[in-house]
Each structure stands twice: as C-alpha cells, then as structure tokens.
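The residues making up each chain are set out below.
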Amino acid sequence: MAAHLKETFAAQEKLNEPVFVTFLTAGYPTVADTVPLMLAMEAGGANVIELGIPFTDPLADGKAIQTANNIALNQGVDYERCLAFVKEARSKGLKAPVLLMGYFNPLLAHTELLAVRDAKAAGANGFIVVDLPPEEAANFRQICTSEGLSYVPLIAPSTSDSRIKFLASIADSFIYVVSKMGTTGASTTVSSSLSSLLARIRSLLPTPIPLAVGFGVSTREHFTQVGREADGVVIGSQLVSVIKAAPTGQTASAVEAYCHEVSSSRVRAGDIVKGTAAPAIAATVMGEDSLNARFGDFGGAYIPEALFDCLEELSAAYTEARKDPAFWKEWEGEFGYMNRPSRLYEAKRLADHVGGARIWFKREDLNHTGSHKINNAIGQILLARRIGKKRIIAETGAGQHGVATATVCAKFGLECVVYMGEEDVRRQALNVFRMRMLGAKVIAVTSGTRTLKDAINEAMRDWVTNLETTYYLVGSAIGPHPFPTIVRDFQSVIGSEIKSQLFEQTGKLPEAVVACVGGGSNAIGTFHPFIKDASVRLIGVEAAGEGLDTPNHSATLSLGVPGVFHGVRTYVLQSDKGQIIGTHSISAGLDYPGVGPEHAWLKDSGRAEYISATDEECLRGFRMCTEMEGIIPALETAHAIWGTMEIARTLPKDANIVMCLSGRGDKDVQEVAQILPKWADKLNWHVDGGADGTTDAPPEAPGTGVN
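Residues numbered from 1 in each chain as written. Predicted model: local features only at pLDDT ≥ 70, side-chain atom pairs only at ≥ 80, totals over all residues. Heavy atoms only, no water.

### Overview of the overall build of the protein chain
As a reminder, the rule being used: What counts as a helix is a DSSP run of H or I of at least four residues, what counts as a strand is a run of E of at least two, and both are numbered from the N terminus. Here the globule rule is a power law, 2.2 Å times the number of residues to the power 0.38, and the radius of gyration is based on C-alpha atoms. To sort residues, take the accessible area from a 1.4 Å probe on protein chains only and compare it with the maximum for the residue type: under 20% means buried, over 50% means exposed, and anything in between is partly exposed. By definition in these notes, contact holds between two residues if any of their heavy atoms fall within 4.5 Å. Under the convention used here, a 1.4 Å probe and the Shrake-Rupley method define accessible areas, while residue burial counts only the protein chains that appear. Only four residue types enter the tally: Lys and Arg on the positive side, Asp and Glu on the negative side, with His and both chain ends excluded. Here the site of a charge means atom NZ of a Lys, CZ of an Arg, CG of an Asp or CD of a Glu.
Looking only at helices and strands, one finds 29 helices and 23 strands in the protein chain. For 707 residues, the compact-globule estimate of 2.2 N^0.38 gives 27 Å, and the protein chain sits close to it at 27 Å. C-alpha extents for the protein chain along the principal axes are approximately 85 × 55 × 45 Å. Evaluated residue by residue, the protein chain yields a buried proportion of 63% over its 707 residues. A fraction of 76% describes how many contacts in the protein chain between residues 6 or more apart in sequence connect residues 24 or more apart. Within the structure as shown, the protein chain displays about 25,300 Å² of accessible surface, and the carbon and sulfur contribution to it stands at 52%. Side chains of the protein chain carry 65 positive and 79 negative charges; the gap between the two charge centres is 3 Å.

### Comments concerning the sheet that holds strand β7 (residues 175-178)
Worth spelling out the cut-off: If DSSP finds at least two bridges between two strands, the strands pair.
Read across the open sheet, the nine strands follow the order β5-β4-β3-β2-β1-β9-β8-β7-β6; overall the sheet is parallel. The strands lining the two open edges of the sheet, one partner per strand, are β5 (150-151) and β6 (154-155). Bridge count between strand β3 (residues 98-102) and strand β4 (residues 126-129): four bridges; the pairing is parallel. The residue of β4 that forms the bridge with G102 is V129.

### Digging into the pattern of salt bridges
Short version of the rule: Salt bridges are counted wherever a side-chain nitrogen of Lys or Arg sits within 4 Å of a carboxyl oxygen of Asp or Glu.
Considering all chains together, one arrives at 41 salt bridges under this definition. Residue E80 pairs with K577 through a salt bridge whose shortest N-O separation is 3.6 Å. In this pair, E80 sits in helix α4 (residues 79-91) while K577 sits in the loop between β21 (568-572) and α26 (597-605), placing the two residues 497 residues apart along the sequence. What makes E80 partly exposed here is its relative accessible area of 42%. One continuous salt-bridge network, built from bridges that share partners, spans R322, R488, D489 and E598.

### Details of the environment of C660
As for its position among the elements, C660 is in strand β23 (residues 656-660). A C-alpha to C-alpha distance of 26 Å links C660 and H566, two positions 94 residues apart in sequence. Those residues in contact with C660, other than ones at most four positions away along the chain, are K362, E364, I494, V514, A515, N522, T526 and T637.

### With respect to the nonpolar core
Note the following rule: Throughout this description, the term nonpolar core refers to a set of buried Ala, Val, Leu, Ile, Met, Phe, Trp, Tyr and Cys residues connected via side-chain atoms within 4.5 Å.
Counting residues in each nonpolar core, the largest one holds 189 residues, and the members touching the most others are L51, L100, F127, F140, Y176 and W463. Counting residues per element, this core draws most heavily on helix α13 (residues 305-322), at eight residues. What W463 contacts, discounting residues up to four positions off in sequence, is L307, C310, L311, I393, T470, Y471, Y472 and F483.

Below you can see the structure in the form of structure tokens.
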C-alpha cells in the first residue's frame with residue numbers, strides 16, 4: 001500500500017509533473033457528500049487524497065479545518081466511519097492512494113494495531129498523524145511497516161538539519177513539508193522562503209525522497225509556483241472554502257471544477273528548480289542530564305513537527321538553568337515580591353467543627369496575586385528571559401495564572417497575551433479586568449466549550465505561529481515535555497515549605513497532604529516533596545460537578561482513561577471513539593478534561609489517592625471556611641476544603657492534615673452571589689439573613705448529619 005504512493009510519485013516524475021494532493025475532512029459538509037467528493041477530486045486531477053479524521057481539538061489547524069471537524073463530529077463521524085468512506089470509495093472505483101490524516105487520540109482509542117489493520121482492510125495507503133512525531137511513534141510505525149502502510153513524516157521550517165536527516169531516514173514514500181509556521185489555512189501568497197527551505201532539505205537527504213508541500217496553497221498560480229520546486233503540492237483549507245461556497249447539491253461538481261482549474265496543464269517547463277539552501281539550523285544537543293520526559297507510561301511530547309525543536313531548545317535551556325545555582329538564587333531573590341515563604345495556619349475552628357485530625361492550611365492565597373500561580377510565573381519568566389524571548393503568551397481558566405503572568409510581564413517589561421475561554425471571561429470578570437489593568441491583552445476564545453481546554457488550543461496555535469519571538473508560559477503541570485517538570489519544580493516550594501514548617505510546629509511529618517486537582521499544578525507542588533515519604537498520604541480532590549453518575553463533571557482521574565491530549569499521554573475524559581468530551585465544574589480552574597502526567601503516574605502506581613467533590617460540596621466547603629476561619633477561598637480550593645474535612649474526620653485528633661489553600665476567593669464572590677439563590681434553600685445559606693435578622697445555622701460537618 002505504501003508502494004502505491006511511491007509508484008504515484010514516480011509516475012508523475014516521469015511526466016515532469018508535481019503530484020496533486022487534496023485534503024477533505026471526512027463527513028464535511030455531510031456524510032452523504034464525502035465519497036462523491038473523493039471521486040470528484042480524483043476526476044479533477046488529484047493524485048493522492050488525504051482524508052481528515054475529525055477530532056475535537058485539532059490544535060495545529062486553522063478555523064476552516066476546525067469548523068469542518070465540528071460539522072463532521074456533529075454528524076457522528078468517527079474513525080470507523082472514515083474507514084467506511086474509504087471502503088465505499090474503493091468500491092465505486094477510486095484508484096488514487098488515500099492517506100488518513102489527523103490526530104493520534106482517535107487512533108489510540110481504536111488501538112494502534114487495529115487502527116492500522118482496519119485501515120489496510122478498507123483500502124487506505126497510510127497515515128499522516130499531526131501530533132505523533134517519530135520519537136513517540138515507534139510502535140505505530142512498526143505496525144505500519146509490517147502491514148505495508150506508509151507513515152509520512154513532516155518537516156517544518158523550524159526543523160533542525162540533524163532532525164531532517166533523521167526524518168528522511170524513516171520516510172517510506174514521501175515527506176510532507178509544512179511551508180510556513182502557523183496553523184493550516186488558505187493564503188494569498190506562497191512563503192517567500194520555500195525555495196531555500198526545499199533546497200536545504202534536499203541537501204540533507206541521503207537519497208532522493210519526494211517532497212510534498214502544504215499550508216497556504218490555494219490558487220492555480222500557487223500550484224504552479226510550488227510545483228516548479230516541489231514533487232507534490234497539497235491543497236486543503238481552500239477546498240473547504242470551495243465546498244462551503246458551492247450551491248446546495250453541487251459540491252462535487254464545484255470541487256471537480258476547482259481541482260481541474262488548479263492542476264490542469266501542470267507539466268513543468270523544465271526540471272524541478274533547486275534553489276540555494278537556507279542557512280543550517282543546528283539541533284539542540286541534549287546532555288546525559290537532560291530531563292526525563294516520562295512518568296511511568298505517561299508524559300512525552302505528542303506535538304506538531306513545528307514545535308519539536310522549540311521544545312528541545314526549552315528542555316536544554318531548563319536543564320542548564322536547573323543545574324545553575326545562580327538561576328535558583330535569582331528565583332529565590334524574588335521571594336520577597338512573591339511573599340514567600342507562605343504561612344502555615346492551623347484552622348482550629350474548622351477542625352473542632354469537623355472532629356478528628358488537626359487541619360492546617362498552607363496559605364498560598366496570601367501570595368502576591370492571590371494564589372500559588374506566582375511561583376511558576378516568576379520561575380518561567382526568568383527562563384524566558386534567559387532564552388531571549390520578549391513576547392509571553394499564557395492560557396488561563398480561573399484567571400489566576402493569567403493575572404500572575406500579566407503581573408510578571410509588567411514587572412519585567414514584556415509583552416503579554418492571555419487566552420481565556422469566553423465562558424471563563426464571563427465568570428471571572430474581575431480577573432479579566434485585573435489582567436487588562438496590568439497591560440495584558442486578553443483574548444476571549446469562542447471555539448469548543450469556551451473554557452480552559454479551548455484557551456490552551458488557541459495558545460498553542462499562537463505559539464506555533466510565533467516561535468521566534470514567543471514564550472508560552474504554561475500555567476499547570478500539563479502539556480508536552482518539559483512543561484510538566486518545569487511547572488512541578490517551581491511549585492514544589494509549596495511541599496518543601498510544608499515539610500519544614502510543620503516539623504517546626506509539631507516535630508513530625510503530616511499524616512496527609514491535600515490539594516485540589518484540575519491540571520494539577522498546586523497539587524503536584526504539594527505532593528512532590530513527599531513522594532518518598534511513604535507514611536504521608538497524598539490526596540487530590542477533583543471536581544465531581546453535578547455528580548460522578550452524570551456526564552457533568554471534571555473528574556479526569558476518577559473516570560477518565562489514558563489518552564493523548566494537548567501534547568501529552570495522560571488520563572483524559574473522552575468518548576470511546578477518542579473524542580475529548582465536555583466537562584463541568586462550578587470552578588473555572590478545575591473545568592478541564594485532562595490532568596498532569598505525573599498525577600496519572602501517581603494514580604496508577606497507587607502512591608496518591610484521588611477523590612472528588614461535587615458543586616454542592618464545594619459550596620459547603622466554601623461556606624465553612626468563610627464562616628469558621630474568616631478566609632474566603634477560591635472555588636477551586638473549596639473542593640479541597642471539603643475533601644480535607646472528609647479525610648480529617650477519619651483520623652485521630654493527634655494526626656495532622658495539611659491542605660494547600662491554593663487561592664483566595666475574591667475572584668469568585670460575584671459568581672457565588674449569582675448562583676447562590678438557586679442553592680440557598682438546599683444549603684440553608686441565606687447570606688442576607690432571615691426576616692428577623694438572624695443568620696442561618698452553620699453548615700453540617702461532612703458525614704455527621706448534624707450541625
């Protein structure tokens with residue numbers, strides 16, 4: 001089947017014509033249109049067809065492909081349906097090679113072996129998997145090879161010379177060359193650096209390998225220009241536009257006409273033009289002490305090719321900084337600004353009310369900007385300056401990381417752009433205003449669920465477009481390596497201080513440490529210094545939303561399954577077809593369908609426990625902390641408060657349980673005020689008091705049934 005691709009390129013080479021590669025999202029615009037469109041593409045001159053596998057979160061794709069994905073998903077198109085399209089097209093006479101193109105998680109959900117074997121049985125010829133670089137694809141590539149299907153590697157303008165040689169060594173049919181940095185999308189011009197990029201790639205190939213160029217090709221002039229220098233020309237986003245503009249019932253004829261117009265009379269006037277090679281791009285050399293990219297079976301870097309060398313650069317820079325005492329001295333030199341060390345406070349009234357163990361709060365809410373996020377923001381801004389980046393981007397859910405990032409950018413005079421889901425912009429209006437006052441540009445993300453996961457998607461798209469100038473200051477212990485380790489290291493100051501502070505007060509380690517878990521930055525910072533202390537229980541509290549027996553929750557570790565999402569293998573809330581599902585939490589910061597890979601490893605190894613708290617339990621914890629300790633916590637933290645109370649009552653009075661009070665709740669007061677009326681009777685919490693001026697009784701302790 002890979003042989004068919006080789007034969008296609010060889011046949012076009014004999015004709016001195018470029019191979020015409022077209023892209024179609026399976027199921028767009030309708031299920032019924034897919035096979036006729038594949039046949040129309042071939043009839044119009046397409047030599048190879050890429051059939052896009054729809055995915056909920058295509059982080060390397062622009063709006064045209066995103067929209068096509070969503071339309072297809074809404075019609076129930078999944079990987080099995082994609083294979084059915086290929087099989088039907090073959091039965092109707094399609095001769096062109098078909099490549100299945102998309103993201104790894106739907107293939108992983110199908111299982112790698114069956115994904116390849118079923119593709120072969122349907123008549124597909126290979127795969128282009130956007131977020132599966134060869135380093136993560138050893139098993140998948142081996143299966144493809146054994147089944148005779150092609151695994152097509154990608155090369156981007158940022159790909160180093162040594163990596164190009166490596167990618168060429170594994171190419172079995174052709175190489176897909178991304179002509180420009182950024183996401184997919186039609187363009188008015190072809191990249192001016194394409195000629196030198198192709199020349200650089202060819203100068204590094206051990207033997208001639210066909211190069212097909214995609215990204216931004218949309219007109220006949222583009223096709224001719226690219227085809228003079230490339231072995232193949234790929235058109236995708238413009239075809240989406242052609243399909244969208246076609247009159248009802250005429251999409252196939254419109255596509256056939258467009259393909260014919262673009263690709264007819266494509267014989268080159270001479271041999272392929274081979275320009276002057278661009279300057280070499282050196283690879284980042286990773287030493288023996290480079291960071292470990294894995295936590296058991298979890299972690300890694302499942303990323304588009306354009307990000308690979310950038311992440312290698314970041315990993316190398318952090319490895320160097322990590323070993324440099326001057327770097328840590330500089331970070332610790334900002335502790336006065338951050339308000340470190342944060343205090344360890346004994347919540348005596350709360351403990352007396354609950355019964356059981358002594359309860360301690362690690363007061364990260366008293367840090368500058370009101371949460372633990374400043375620990376990581378200061379650390380990463382120093383790293384960004386060390387690398388030489390002057391533009392900082394970030395994602396945020398609850399707004400605390402956004403505020404921390406905007407704060408450090410103001411302090412160090414750097415440009416700041418923060419991506420935030422439109423729904424989170426609404427429920428965290430105070431933090432949005434704070435960010436803007438600090439000089440940040442806040443971009444409301446309207447795609448998907450309009451929450452944290454979508455903000456991360458847009459931040460990733462920004463980063464891949466602006467790698468030269470931009471540093472992505474990731475806020476949680478998520479994403480591709482080395483981000484989970486970087487964030488973990490800067491947040492581990494929390495657990496280290498707990499260990500020393502509690503020992504100073506009690507002369508021993510705590511029986512348990514507790515933290516809320518969304519992406520998991522405050523939790524991994526709390527847990528990590530205690531991992532080797534077997535006597536200390538590590539307890540994470542997820543958001544159960546409306547209940548674990550409903551679809552409306554964010555309990556990834558409780559109910560998720562291993563998958564690949566946002567560049568990392570971890571636990572994910574997904575359908576059985578590998579599509580990321582919507583989440584719900586009363587707190588914006590926990591409303592996320594993934595989790596940090598180190599948490600996934602801690603769960604599977606049994607070293608940590610993960611429980612959950614519903615929206616109702618969160619509000620009860622919020623109220624108890626507010627009324628009994630005079631501390632208004634963030635709603636994220638309120639989940640951990642409830643979990644802490646549940647655990648504390650099971651322990652003896654001489655035991656100590658320390659909870660990371662990760663953020664203050666002023667950001668949530670408006671949201672609580674808006675939602676409390678519907679909860680007031682159920683919680684017996686009427687903030688304005690009764691008609692006689694009395695206040696409600698305090699909330700009951702968990703599990704007691706009494707006040």
